[in-house]
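# Examination of the molecular architecture
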Amino acid sequence: MALSLAISPCPNDTFVFHALVHGLVPGAPAVDVTYADVDVTNTAAERGAYDLVKVSYAALPWLLDDYHLLPCGGALGRGCGPLVLTRGDLVELTGATVAVPGDRTTAYLLFRLWSARRPPARIEVVPFHEIMPGVAAGRYDAGLVIHEARFTYPRYGLSALVDLGQWWEAETGLPIPLGAILARRGAVDPAEATGWIRDSVRRAWAEPAGTEEYVLAHAQEMERDVVDRHIALYVNEFTAELGAEGQAAVDALLGRAAAAGLTPQISSSRATAWTS
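Keep in mind the model is a prediction, meaning the values are calculated, not measured. Residue numbering note: each chain is counted from 1, following its sequence as written. Local features in this predicted model are restricted to residues of pLDDT 70 or higher, and side-chain atom pairs are both shown and tallied only at a pLDDT of 80 or more, whereas totals for entire chains, interfaces and linings draw on every residue. To obtain the side-chain values, all non-hydrogen atoms of the structure were used and water was disregarded.

### Looking at the layout of surface pockets
- Lining residues are defined by having an atom within 4 Å of a point belonging to a cavity or pocket. Those points lie on a 1 Å grid over the protein atoms alone, cavities being sets where a 1.4 Å probe fits but cannot get out and pockets being open sets with protein on both sides within 12 Å along at least five of seven lines. Grid points are joined across faces, edges and corners, and a volume is the space filled by probe spheres set on the points. Taken as a whole, the largest pocket encloses approximately 950 Å³ of empty space.
- For helices the rule is a DSSP run of H or I covering at least 4 residues; for strands it is a run of E covering at least 2, with both sets numbered from the N terminus onward. Looking at the lining of the largest pocket, the elements that each hand over two or more residues are α2 (38–46), β3 (52–56), α3 (106–114), α4 (128–136), α5 (149–152), β11 (176–184) and α8 (212–218).
- Looking at the lining of the largest pocket, the element that brings in the most residues is α4, giving 4 residues.
- For the lining of the largest pocket, the class distribution of residues is 22 nonpolar, 10 polar and 7 charged. The nonpolar class holds Ala, Val, Leu, Ile, Met, Phe, Trp, Tyr, Cys and Pro. Asp, Glu, Lys and Arg form the charged class, and all remaining residues, Gly among them, are polar.

Structure (structure tokens):
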């Protein structure tokens, strides 16, 4: 039986999982892959819909009873945080309408932590690809964006009001935990899954040209330069190994969120990436 996998169509995910999806990882099972925005996979994971699934770190408190957090394949880093974009000279979000890509995304959790002591804004959950055009057209006063939007927002005539990654790093000194890979308990062995994903990452690094056709096919609205910059930023040392620093970042994010009453409290053992 094929392993069910859900990832985003973003270049970092397709680059990382190219070898696994295409049967190039020795000993790994066949994979039945679904491509969806992370807000969709966050919700699907609550139903136990996939054996392996990419989700937001912010969604972990609702998922770790049913899934193992894996120490590889995810997206953490520095200089890669979400941006709050505006048009014109808007510098204050009090009473503004802010479009966000999902209510359990890490981007929105960082926004809520950042804005906790500021007057509230009105929030609308909007599909990611509609956020920048919507802000540019005046449907929203501001938009919370991630991933390739870091490279493309100026073409919409937008400005970055705040870089939440810079804010997070200044607050904590830690990298930003954005997206996690989970393995469903009882459906897939976390040790085996970790090995398959690490092998897939290393094969992509060793032969990046072999991933190009697949990556570009799913990044249909991105120029090659944007795709390359996207991969270089989001596929890094934490993708192969979360490590102590990455785990500290996860603990800090979820600990602060729980202390602020934004997410449920979870035990440290549940929130620790599988290692043995």
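Next comes the rest of the account.
### Things to note about the packing of aromatic side chains
- Pairing of aromatic rings covers Phe, Tyr and Trp, the last through its six-membered ring, and needs centres within 6.5 Å; plane angles under 30 degrees mean stacked, over 60 mean edge-to-face, and all others mean tilted. Across all of its chains, the model carries 3 aromatic pairs by this definition.
- Taken together, a centroid distance of 6.3 Å and an interplanar angle of 20° make the contact between Y108 and F111 stacked. One end of the pair is Y108 and the other is F111, both in helix α3 and 3 residues apart, which spans about a single turn.
- Arranged with centres 5.8 Å apart and planes meeting at 45°, the rings of F111 and W114 form a pair that is tilted. Of this pair, F111 and W114 both sit in helix α3, separated by 3 residues, roughly a single helical turn.
- Looking at W114, the relative accessible area reads 12%, which means it is buried.
- These aromatic residues form a ring-pair network of at least three members: Y108, F111 and W114.
- In this arrangement the basic side chain of R104 is found over the ring face of W62, its NZ or CZ atom lying 3.8 Å from the centre. Remark: exposure states derive from per-residue accessible area (1.4 Å probe, protein chains only) relative to the maximum for the residue type, with buried under 20%, exposed over 50%, and partly exposed in between. Counted as over-ring charges are cases with an Arg CZ or a Lys NZ within 6 Å of the ring centre that also lie within 35 degrees of the ring normal.

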